[in-house]
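Tertiary structure, described
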Amino acid sequence: MSVQYQAIGWNRVKKWYDFVLVGLVVLYLAVFLGVTFWRDANATAETALIRAFGTAALLLLHLVLSIGPLCRLDPRFLLLLYNRRHLGVTTFLLGFAHASLGLFQFHAFGNVNPLLSLFLSNQRYGSLTQFPFQSLGFAALLILFLMAATSHDFWLRNLSAPVWKRLHMLVYLAYGLLVAHVTLGALQSETSPVLATVLVAGLVTVLGLHIAAGCKEWRIDRARHRASQAAFVEVCAVTEIPDNCATVVSLSGERVAVFRYDGKISAVSNACQHQNGPLGEGRIIDGCITCPWHGYQYEPTTGASPPPFKEKVPTFRVQVIAGKVLVHPQPNPPGTAVEPAHAGSADSVDPRAFFVGYLPVPAPLQSFLRVVATSLGIGAVAIGIALAMAQSPAASVQFDYGHPRQFEGILRTRPYPALQVTQSPDASTPANSEMLLVGPGKHGADQLIADAANHPSRLRGKLIHRSGASAIEVEPGSITSSASELSPPVASEDLGPVTLTGEIVDSKCYYGVMNPGSGKAHRDCAARCLSGGIPPSFVTARAGEIYLLVSEDGQPFPHPTLREFAAEWITVRGEVLRRGTQLFLSVNPGSLRHTAKPR
C-alpha cells in the first residue's frame, strides 16, 4: 500500500461476503474435527488439524476455479466472483496452516533444518510410489502465496492488467500440483475410496465447467458477420440489444461490446482495464458502462473512465442502417470519442437483475444468493463428514506427553540405549523388562546416558507404548545414581531364522508419539528420526509384530541402509532374538529387498 492507494471500503456487501466465507470455513473445520474425534478416540489433534486444513484448502480452491466458468454460463454467479480474491487469500491461509503443521510435525526437532529436511528426507524422484509428494505441495503453496501477495489492486495497476492476469493464471499450475500432491501422498496411504472419489468429482467438475464455458465463448468467436462496402460489419439487429445492455461480437479477433442506451448505439472493447472483465455482460448505470466483475465504469462514447479515474478502452465506429447495427472492425485508440448511432426508442429490456458490488443486492438475486450459501453450507457439512469418516482409524497407543514419570533400573547401551527396569511407576511394566530410551525431539538417547551406562540409575521420562513395545523419552539432566543392586544383563534367546515382509519405522513415532505413525508423510519423519539416532524397528505387514532391527553382529543397524529402505515395503531374512520382553531381528544389511505392498 502507498500514499496513492487507500484501504478497501468494507461496505455491507463485502462484510456479508466475508462473514459467509469465514462461517463456511469454520463450519467445515468444526464438522471435520468433530466427526474425527467422535469416531476415533485415538486420533491426535496434530494429525486431525493437518488433514482438516489441507482438505479445506483444496475444496476452497475448487470453488475458486469454478466461479469463473459459472459466471460465463449464468450471470447470477457474478455474486460469487465479487471479491473472489478473498477466497484465494483464504485458500492460501488454509494451505499455509496445513503446511506449517506438517512441517512442524514431520520435519522439526531433527538434526537438519526443517525446510532442508523437506527436500532431503526423500529424494526418490524416479519412483512413482515413493515420489516426494510434499515438494509438490510446497511448490503449489509458493504459487498461492505469490497470488495472495499480489491480490491488491496496487499490484494490478503497477504490473498492468495483462501481466497481472498471466501471473494469476498460475493458479491452474498450483491446482495441478495439489492434485498430484494428494494423488501421490494421501491416496497411497488411505484405504477408503472416498477421498479419491471426492478428488475425481472435483476435477471433473472444474474441467467440465471450463469446457462448457469455453464452448459458449467459442460460438461468439466463430460467428461470421457480413461486411458492407464501407468495410463496416453487420453484427445484429437493433432490437436484439436490450436497453442499457450490450451484445458481444468478435471482429478481427477482438471482442467488441455493442451497447444500446438512451436511443443510441456505441461500441467499445469488451475487456475491462481492471482485470479484463467482460464489459459486454455489464450494464449502463448512471450513463456509464459498468463492468459486472468489480463495477469499473467507462463512458460509452469515449471509452474513458469518468474523472478522476484514468482507465481507457478502445472505441469503435458504429452505424445503424435499416434497423441493423454495423461496426467498423478497426479499433480507435483508447479514450477516442466516437459519435453514437441513433437507435430509436427502446423496445426490449433485459429482465435479469444486475449486481454491482458497491450497490445493494437486487431482490431477485438475494434469494439466489441465499440458495447458493445454503447449498455451500450443506456441501461443506456433507463433504466434511464423508472425508472424516473415511480416515483410517488410528492405532491404540500411549504417549504420556506432559506427564513424566520416574523409572529406576540399569542403563544399557548396546545395541541401543535401554533401561533394564528394576522399579516401575505402574504394574504395566514388569521387573527386568527392557525399555528403549530415546531423547527429546527426533534424537536418540546415546549422549544422555553416556556417563551412566551399565550403572543403577533413576530417570524421569514420558512413557511411549504400542502393542507390547515400550520406550521412554528421557528428560535431559534427569538421570541420577540409584542405590539399587546392579543386576546382570538379561540373557538373549535365539528363536531361529525367519523371512518377513514389512517396513522399517522409527521406534519413537511408531510406538506412540505420532499416530497413525505410518503413511508417506511419516516416511520423511522417519528419515529424520533415524538419522538423529532413534533406534529402527521392523513391523511385519500382516501381524503387526514389532522387532528392534540390528545387524548380524548385534550392533546398531547402519544408517545408509535405513535411509534407502525406511518406510518402504521390503522382505528380510534374519534371526529373531528375545532379550527379556524385547524382540530383536538380526539382519544382514545387504539382504534387504523391496517388495510389492501386501494386499
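Here's a quick rundown of the structure. Everything numeric here is computed off the predicted structure, so don't read it as measured data.

About the cut-offs
Residues numbered from 1 in each chain as written. Predicted model: local features only at pLDDT ≥ 70, side-chain atom pairs only at ≥ 80, totals over all residues. Heavy atoms only, no water. Axes fitted to C-alpha atoms, helices over the stretch in contact; angles between N-to-C directions. Helix = DSSP H or I, 4+ residues; strand = E, 2+ residues; numbered from the N terminus. Parallel < 35°, antiparallel > 145°, perpendicular 65-115°, else oblique. Left-handed = near helix turned anticlockwise from the far one by under 90°. Contact = heavy atoms within 4.5 Å. Nonpolar A, V, L, I, M, F, W, Y, C, P; charged D, E, K, R; others polar. Phe/Tyr/Trp six-rings, centres within 6.5 Å; stacked < 30°, edge-to-face > 60°. Buried < 20%, exposed > 50% of the residue type's maximum accessible area, 1.4 Å probe, protein only. Pairing = 2+ DSSP bridges.

**Observations regarding the packing of helix H1 (residues 12–39) against helix H4 (residues 84–107)**
Direction vectors running N to C along H1 and H4 enclose 30 degrees, while the axes themselves pass 11 Å from each other. Here H1 is positioned roughly parallel relative to H4, judged by the angle of their axes. Like other packed secondary-structure pairs, H1 and H4 cross with a definite hand, here right-handed. Of the residues in H4, those in contact with Tyr17, Asp18, Leu21 and Val25 of H1 are Arg84, His86, Leu87, Thr90 and Leu94. Of the residues belonging to the contact of H1 with H4, the class tally is five nonpolar, two polar and two charged.

**Re the packing of helix H2 (residues 45–73) against H4**
Any two packed helices are characterised by the angle at which their axes cross and by the distance between the axes. Packing of H2 against H4 leaves a shortest axis separation of 8 Å and a crossing angle of 155 degrees. As the angle between them shows, H2 and H4 are arranged roughly antiparallel. Seen from above, H2 lies across H4 with left-handed handedness. Of the residues assigned to the contact of H2 with H4, the class counts are 15 nonpolar, ten polar and two charged.

**What to know about the packing of aromatic side chains**
For the structure shown, the criterion picks out nine aromatic pairs. Geometrically, the ring pair formed by Phe92 and Phe145 is tilted, given 5.6 Å between the ring centres and 50 degrees between the ring planes. Highlighted residues: Phe92 in helix H4 and Phe145 in helix H6 (residues 133–149), separated in sequence by 53 residues. Assessed through its relative accessible area of 11%, Phe92 is described here as buried. Ring geometry for Phe119 versus Phe138: centroids 5.4 Å apart, planes at 90 degrees, classification edge-to-face. Placement of Phe119 in helix H5 (residues 114–120) and of Phe138 in helix H6 is noted, with a sequence separation of 19 residues between them. Owing to a relative accessible area of 31%, Phe119 belongs among the partly exposed residues under this scheme. Overall, Phe138 belongs to the partly exposed group, its relative accessible area being 27%. Put simply, the rings of Phe92, Phe96 and Phe145 touch in pairs and so form one group of aromatic residues.

**Here we look at the pairing of strand E21 (residues 546–551)**
The element E21 is extensively covered by neighbouring structure, given that six of its six residues are classed as buried. Alternating residues of E21 divide into Ile546, Leu548 and Val550 and Tyr547, Leu549 and Ser551, and every residue in both groups is buried. As paired elements, E21 and strand E23 (residues 582–587) share four bridges and run parallel to each other. Along E23, the bridge assignment pairs Val550 with Ser586.

**Points about unusual backbone geometry**
Backbone torsion omega between Pro307 and Pro308 reads 10 degrees, so that peptide bond is classified as cis. As for its position among the elements, Pro308 is in the loop between strand E7 (297–298) and strand E8 (315–316). That bond from Arg414 to Pro415 is cis: its omega, 0 degrees, falls within 30 degrees of zero. Residue position: Pro415 is located in the loop between strand E13 (405–412) and strand E14 (418–423). For Asn244, which is not glycine, the phi dihedral falls at a positive 65 degrees. Its relative accessible area of 26% is what places Asn244 among the partly exposed residues. For Ala567, which is not a glycine, the phi torsion comes out positive at approximately 60 degrees. With respect to the helices, strands and loops of the structure, Ala567 is situated in the loop between helix H16 (559–565) and strand E22 (570–579).

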